[in-house]
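Okay, here's what each chain looks like letter by letter:
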Amino acid sequence: METSGPTSGISRSLASATRTTPVQWQIGQLLQATVTESHAGKVLLAIGNRQISAETSLSLKEGQQLTLQVRSLGEQPVLKIATAGGQAQINPAIRLLLPKQGTLPPLLATMVQLARSPNPLLSPQINELVRSIVKQTPDMQTATTPQGLKNSVSESGIFLERQLLQQQNRAINPAAINSDFKANLLRLVQLVRQWPGGSGQARTKTAHATSTASVTGAQATDERTLAPPLRGSIPVPQPALQSSPGLFDSADELHSGLLRQAEAALARIQLHQLAALPREGERGLLEWLFELPIRRGDELDVWSLRLFAEHRQQQQGSRQQGRNWSVQLAFNLPGLGPMQAQVQLTGERVSTRFWAEHQDTLPLLREHMHELRQALGEAGLDVGELECQAGPRTVAKTAGNQALLSEKA
């Protein structure tokens, strides 16, 4: 994490900061600092007898002790946090979750099948919970409204702990927690683990192999769906799947398969949450990765999204900062095939680009592009470029991936 102030630009809004040129500092020198004030990404640091203002995307608390390293000198020296405790904790967590995570479509297909025909091999509590999860999944009509989309994102699971923290000093709202996707998956995992019908440890390995084989063929239809959601990952389309009949042949197979799919989905949501945590050297970058199950008739589709914002200079030579907001999304719908899109908002100007893997989809997109332009204009936005092209979108290596791979064991 690179801070600002005497790190990458003094924040003039913190009038109490003392602007000094620390000529006694040397490149590579380590400094001990204490956070004395923190608000909205701006902090006041006590370094020796100086008060230094700074900007950071990290969540720092008053009284927090930091070790900073001098990276460069000048009128506004650049410092970097040398004790990256947060980063040191994030990478081991990611490495732990990577072999456990799996895509959502196999679990969604299994739950759709169970919701249609409750399985007598499962306990009534599991069948009821599965039906509840499917029923609470937003449909296309709901998810395309502003409030419906907002609710879908907030209940996607990546904000569960935040909701619990906000309610810790008041009565917990059961409705809000019961509709959260991660909370429901945690309940499902707990019920399946406690289910006596499939608790045979000696048979778990065989059942695990069976459940793995049952979803491998479906996932092989698009190997990109296997990519873990690491920071900076571009969303890729994930087709809806049909559940494997072999998964329901016996209590052990159903138990192990359902448990593995639910645990894999939980691990994937946790990776989404870790992707939102700030990293070193990414000052001003906000990023959220999440996947939304959306009902389409009797099927459950997965809409993958990446929402991020980066600082931009509002005027050349000005220190005032704004943000460029971008939304990347991916989906796979009947009649359209695999598609990706990016919406970018710079000030009041919005631009959109679509990538369609099926050539037959391109004429359909171009035919309706004027409707999109009109809708964006009616929303009060200055419409920039609206483009569509043959996909898939090129996926480049991300800084997040490289940092993880270069981490020393």
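Because the structure is a prediction, the values reported are computed rather than measured. (Residues numbered from 1 in each chain as written. Predicted model: local features only at pLDDT ≥ 70, side-chain atom pairs only at ≥ 80, totals over all residues. Heavy atoms only, no water.)

Focus: the environment of Val112
Item 1. Within the secondary structure, Val112 sits in helix 2 (residues 105-116).
Item 2. By relative accessible area, Val112 is classed as buried at 8%.
Item 3. Other than its neighbours up to four places away in sequence, Val112 contacts Val134, Asp298 and Leu300. (Helix = DSSP H or I, 4+ residues; strand = E, 2+ residues; numbered from the N terminus. Buried < 20%, exposed > 50% of the residue type's maximum accessible area, 1.4 Å probe, protein only. Contact = heavy atoms within 4.5 Å.)

Some thoughts on the pattern of salt bridges
Item 1. Throughout the structure, instances matching the rule amount to 10 salt bridges.
Item 2. The partner of Glu128 in a salt bridge is Arg131, with the nearest N and O atoms 2.6 Å apart. Of this pair, Glu128 and Arg131 both sit in helix 3 (residues 124-136), 3 residues apart, roughly one helical turn.
Item 3. By relative accessible area, which is 30% here, Arg131 ends up partly exposed.
Item 4. Arg306 is the salt-bridge partner of Glu287, the closest N and O atoms lying 2.7 Å from each other. Here Glu287 is found in strand 6 (residues 286-296), whereas its partner Arg306 is found in strand 7 (residues 299-313), with 19 residues between them in sequence. (Salt bridge = Lys/Arg side-chain N within 4 Å of Asp/Glu carboxyl O.)

Overview of the side chain of Glu291
Item 1. Within the secondary structure layout, Glu291 lies in strand 6.
Item 2. Accessibility expressed as a relative area gives 6% for Glu291, which makes it buried.
Item 3. Engagement of the side chain of Glu291 in a polar contact is seen with the side chain of Gln238, the distance being 2.9 Å.
Item 4. Looking at Glu291, its side chain comes within polar contact range of the side chain of Arg268, at 3.0 Å.
Item 5. Setting aside anything within four residues of it in sequence, one finds Glu291 in contact with Leu104, Ser156, Gln238, Arg268, His272, Val302, Trp303 and Ser304. (Polar contact = N/O pair within 3.5 Å; in protein donor to acceptor, adjacent residues only side chain to side chain.)

Looking at the sheet that holds strand 3 (residues 50-55)
Item 1. With respect to topology, 5 strands assemble into an open sheet ordered 3-2-1-4-5, the strand pairing being antiparallel. If you trace the sheet from one side to the other, it starts and ends with strand 3 and strand 5 (78-81), each paired once. Geometrically, the sheet is characterised by an average inter-axis angle of 45° between neighbouring strands, direction not taken into account.
Item 2. By the bridge criterion, 5 bridges tie strand 1 (residues 30-39) to strand 4 (residues 65-72) in an arrangement that is antiparallel. Residue pairing for strand 4: Thr34 is matched across the bridge by Gln65. (Pairing = 2+ DSSP bridges. Axes fitted to C-alpha atoms, helices over the stretch in contact; angles between N-to-C directions.)

Focus on helix 5 (residues 146-154)
Note: α-helices contain 3.6 residues per turn, so residues at a spacing of three or four share the same orientation.
Item 1. All buried positions along helix 5 are accounted for by Gly148, Ser152 and Val153. End-on, the buried residues of helix 5 take up no more than an arc of 130°, which puts them together on one face. With respect to the buried face of helix 5, the exposed residues turned more than 90 degrees away are Pro146 and Lys150.
Item 2. Of the surrounding elements, those touching the buried residues of helix 5 are helix 4 (140-143) and strand 6. (Arc of directions from axis to C-beta.)

A short note on the nonpolar core
Item 1. Grouped together as the largest cluster of nonpolar side chains are 54 residues, with contacts concentrated most on Met111, Ile126, Leu185, Leu188, Leu258 and Leu365.
Item 2. No other element matches helix 10 (residues 251-275), which puts 7 residues into this core.
Item 3. Setting aside chain neighbours within four positions, we find Met111 in contact with Val130, Ile133, Val134 and Leu188.
Item 4. Membership of the second largest hydrophobic core comes to 15 residues, among which are Leu31, Leu45, Val70 and Ile81. (Core = buried A, V, L, I, M, F, W, Y, C linked by side-chain atoms within 4.5 Å.)

Observations concerning unusual backbone geometry
In terms of backbone geometry, most residues other than glycine have negative phi values and most peptide bonds are trans.
Item 1. Here the amide bond leading from Gly391 into Pro392 is cis, since omega sits at 5°, within 30 degrees of zero.
Item 2. Relative to the elements of secondary structure, Pro392 occurs in the loop between strand 11 (382-390) and helix 13 (399-405).

Some points on the packing of aromatic side chains
Item 1. Across all of its chains, the model carries 1 aromatic pair by this definition.
Item 2. Taken together, a centroid distance of 4.4 Å and an interplanar angle of 20° make the contact between Trp303 and Phe331 stacked. Of this pair, Trp303 sits in strand 7 while Phe331 is found in strand 8 (residues 321-333), placing the two residues 28 residues apart along the sequence.
Item 3. A relative accessible area of 8% means that Phe331 is categorised as buried.
Item 4. Looking at Arg306, its charged tip hangs above the ring of Phe308, at a distance of 3.9 Å from the centre. (Phe/Tyr/Trp six-rings, centres within 6.5 Å; stacked < 30°, edge-to-face > 60°. Lys NZ or Arg CZ within 6 Å of the ring centre and 35° of its normal.)

Focus on the confidence of the model for the chain
Item 1. Confidence in the prediction for the chain averages 78 pLDDT; 73% of positions are at 70 or higher.
Item 2. Under a pLDDT of 50 for its full length, residues 199-225 has, in the predicted model, 38 contacts with residues more than four places off or in other chains. (pLDDT = per-residue confidence, 0-100.)

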